[in-house]
Amino acid sequence: MALYVQKFGGTSVGTVERIKAVAEKVKRFRDNGHQIVVVVSAMSGETNRLIDLASQINEDPTPREMDMLVSTGEQVTISLLAMALHQLGVPATSYTGAQVGIRTDSAHTKARIQRIETDDLKDDLDEGQVVVVAGFQGVDEEGNITTLGRGGSDTTGVALAAALGADECQIYTDVDGVYTTDPRVCSKAQRLERITVEEMIELASLGSKVLQIRSVEFAGKYNVPLRVLSSFEEGPGTLIVADEEIESMEEPLISGIAFTANEAKLTLLNTPDVPGVASRILGPIADANIEVDMIVQNVAPTGDYTDFTFTVGKGDYKQTMRILQDDVIPALGGGELRGDDNIAKVSLVGVGMRSHAGVASKMFRVLAEENINIRMVSTSEIKISVVIDEKTMELAVRALHTAFGLDKDSIQSE
């Protein structure tokens, strides 16, 4: 007997028929003698519908009330899935994040899990129950409902698997594994049999929508076996493994290409070029719990002033602009603010970069041949990211996918 935590995304539970199909899949595992915890997202489109309702009432609602609103989407799904399991003769109980004991900090809309109280959950499993848990949410020490951010149901699933010591955490989605890039953008993308935790963390952080980065970090930190599978067809999926489990003598140069248009770029022009200026700019933004991604600081021609450019998530763009305009610029004694939320980030990821030179120059050459201008560049040991105009994003992805030998039936570039 094994203990599985199975997470099903919004598309997988998007209709009554699909919820019934999930119930059938869960029943097959239970019939084989396994204990099952199921984590579900809201039905496809439901969270966006709730956000749209909020925007019709208030253009800038408080984060606490947004958490109260959007957390209801998963509550609908858990009850429907429990009903579907009952209809099949499977004992099941549904729980919200608060009811199952998922305790978080108080950072509304971006909360982090601090602990999970598993005693009651283990009792249900020992009694033969299938436990159905609302993903994406928890409760803080004050009893306020919190949410983990978009895609947080993945984190819920892996965190529960870690807390319970599950044999495997299975992430069911609308694709049959992790691909070299999004097949909807590049038809020649191919499924990876496996990928390292390190590469998956990079891909998730850089815009790959298959898994949320925090879920992969949990899996790596607590050594949770993690597998990405399709809800709609049988197959092995993609196994995410620790780096030391890689057996092949030579890893591919590039494992995948990630991209996102969910970014915005902000530039402070002509700010004083003095020690500590970066901290004075980014400190108030960090205090607002806004994550900063890429950073570039240039020396202006006079030498006394600097231009400071950085990127944030598009959802944080307006708030960041307000912080810079109202707090940072007055504190610095001046500066000109410019913003652009029509950008995209495209990234190459692969552990093979550690032992191969020339990846950046090849990437830049390919983009230049497609007449794509690079706005910013960021690198690490196993990735290279560029910021470009949003309208050129898909062209860049396809061109790089071909150039680095990731197309189906192609040979990996040396």
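Residues numbered from 1 in each chain as written. Predicted model: local features only at pLDDT ≥ 70, side-chain atom pairs only at ≥ 80, totals over all residues. Heavy atoms only, no water.

- Looking at an unreviewed UniProt entry, the chain carries the name Aspartokinase, with the source organism given as Salinicola endophyticus.
- The Catalytic activity (unreviewed entry) field of the UniProt record for the chain holds the comment "L-aspartate + ATP = 4-phospho-L-aspartate + ADP".
- UniProt, in the comment section headed Sequence similarities (unreviewed entry), describes the chain in these words: "Belongs to the aspartokinase family." (UniProt positions renumbered as here; feature names shortened; annotations may be inferred.)

Some thoughts on empty space enclosed by the protein
Thinking step 1. Evaluated as defined, the whole model comprises one cavity of 30 Å³ or more.
Thinking step 2. Considering the residues around the largest cavity, the lining is formed by Ser12, Arg18, Ala21, Val22, Ser231 and Phe232. (1 Å grid on protein atoms, 1.4 Å probe; cavity = no way out; pocket = protein on both sides within 12 Å on 5 of 7 lines; lining within 4 Å. Points joined across faces, edges and corners; volume = space filled by probe spheres on them.)

Observations concerning the side chain of Thr77
Thinking step 1. By the element assignment, Thr77 lies in helix α4 (residues 72-87).
Thinking step 2. Within the structure, the side chain of Thr77 is placed 3.0 Å from the backbone oxygen of Ser41, a separation counted as a polar contact.
Thinking step 3. A distance of 3.3 Å separates a polar side-chain atom of Thr77 from the backbone oxygen of Gly73.
Thinking step 4. Dropping the residues within four chain positions of it, Thr77 is found in contact with Val13, Val40, Ser41, Ala42 and Met43. (Helix = DSSP H or I, 4+ residues; strand = E, 2+ residues; numbered from the N terminus. Polar contact = N/O pair within 3.5 Å; in protein donor to acceptor, adjacent residues only side chain to side chain. Contact = heavy atoms within 4.5 Å.)

Topic: the environment of Leu125
Thinking step 1. Tracing the chain through its elements places Leu125 in helix α6 (residues 119-126).
Thinking step 2. Residues Leu125 and Gly405 lie 280 residues apart in sequence; the distance between their C-alpha atoms is 47 Å.
Thinking step 3. Excluding anything up to four places from it in sequence, Leu125 contacts Leu3, Gln35, Ile36, Val37 and Val131.

A closer look at the packing of aromatic side chains
Thinking step 1. Counted according to the given criterion, the structure contains four aromatic pairs.
Thinking step 2. Between the aromatic rings of Phe8 and Tyr172, the centroid separation amounts to 4.6 Å while the plane-to-plane angle is 10°, which identifies the pairing as stacked. Within this pair, whereas Phe8 is found in strand β1 (residues 3-8), its partner Tyr172 is found in strand β9 (residues 168-173), the two being separated by 164 residues in sequence. We note that Phe8, like Tyr172, is buried.
Thinking step 3. Considering the side-chain rings of Phe218 and Tyr222, the 5.8 Å spacing of their centres and the 25° angle between planes classify their relative orientation as stacked.
Thinking step 4. Classification of Tyr222 as partly exposed rests on a relative accessible area of 45%.
Thinking step 5. The ring of Phe404 has Lys362 lying over it, and the distance from NZ or CZ to the ring centre is 4.7 Å. (Phe/Tyr/Trp six-rings, centres within 6.5 Å; stacked < 30°, edge-to-face > 60°. Buried < 20%, exposed > 50% of the residue type's maximum accessible area, 1.4 Å probe, protein only. Lys NZ or Arg CZ within 6 Å of the ring centre and 35° of its normal.)

Regarding a negative patch on the surface
Thinking step 1. A contiguous patch of negative charge, built from Asp119, Asp120, Asp123, Asp126 and Glu127, is present on the exposed surface.
Thinking step 2. Within the secondary structure layout, Asp123 lies in helix α6. (Patch = residues over 30% accessible without salt bridge, like charges linked within 9 Å, V, L, I, M, F, W, Y side chains within 5 Å. Areas by Shrake-Rupley, 256 points an atom, 1.4 Å probe, with all protein chains shown as cover. Salt bridge = Lys/Arg side-chain N within 4 Å of Asp/Glu carboxyl O. Lys, Arg positive; Asp, Glu negative; His and termini not counted. Charge placed at Lys NZ, Arg CZ, Asp CG, Glu CD.)

Some thoughts on the nonpolar core
Thinking step 1. Counting 40 residues, the largest nonpolar core has Val37 and Leu211 as the members making the most contacts within it.
Thinking step 2. What Val37 contacts, discounting residues up to four positions off in sequence, is Leu3, Tyr4, Val5, Gln6, Leu121, Leu125, Val131, Val133, Leu160 and Leu164. (Core = buried A, V, L, I, M, F, W, Y, C linked by side-chain atoms within 4.5 Å.)

Side note on the pattern of salt bridges
Thinking step 1. Counting across every chain of the model gives 21 salt bridges.
Thinking step 2. One salt bridge in this structure joins Glu117 and Arg115, with 3.5 Å as the shortest N-O distance.
Thinking step 3. The exposure class of Glu117 is partly exposed, given its relative accessible area of 35%.
Thinking step 4. For Glu193, the salt bridge identified is with Arg191, shortest N-O distance 3.2 Å.
Thinking step 5. Overall, the relative accessible area of 24% leaves Arg191 in the partly exposed class.
Thinking step 6. A cluster of three or more residues bridged by salt bridges with shared partners is formed by Arg103, Arg115, Glu117 and Glu141.

Regarding helix α1 (residues 16-31)
Thinking step 1. Under the 1.5 Å per step criterion, the end-to-end length of α1 is 22 Å for 16 residues, consistent within 8% with the ideal 22 Å.
Thinking step 2. Along α1, the residues that are buried comprise Ile19, Val22, Ala23, Lys25, Val26 and Phe29. The buried residues of α1 occupy an angular sector of 160° when the element is viewed end-on, so they sit on one face. Seen from the open side of α1, the exposed residues pointing more than 90 degrees away from its buried face are Glu17 and Lys20.
Thinking step 3. On its buried face, α1 sits against β1, β2 (35-40), α4, β6 (130-134), β9 and β11 (226-230).
Thinking step 4. A positive backbone phi angle near 95° is found at Gly33, which sits one or two residues after α1. (Expected span 1.5 Å × (residues − 1). Arc of directions from axis to C-beta.)

As for the sheet that holds strand β14 (residues 292-299)
Thinking step 1. Strand order in this open sheet of six strands is β14-β15-β13-β16-β18-β17, and the pairing throughout is antiparallel. With one partner strand each, in any of the chains shown, β14 and β17 (376-380) form the two edges of the open sheet. Sheet twist, expressed as the mean angle between neighbouring strand axes with direction ignored, is 25°.
Thinking step 2. Where helix α10 (residues 277-287) meets the sheet, its contacts fall on β13 (256-272), β14 and β15 (305-313), and the angle it forms with β15 comes to roughly 25°.
Thinking step 3. Packed onto the sheet, helix α11 (residues 317-332) meets β13, β15 and β16 (336-349) and runs at close to 25° relative to β13. (Pairing = 2+ DSSP bridges. Axes fitted to C-alpha atoms, helices over the stretch in contact; angles between N-to-C directions.)

Observations concerning unusual backbone geometry
Thinking step 1. Its identity as a non-glycine residue notwithstanding, Phe136 has a phi of 80°, on the positive side.
Thinking step 2. Its place among the elements puts Phe136 in the loop between β6 and β7 (137-139).
Thinking step 3. The exposure class assigned to Phe136 is buried, which follows from its relative accessible area of 6%.
Thinking step 4. Phi at Asn270 takes a positive value of approximately 55°, unusual for a residue other than glycine.

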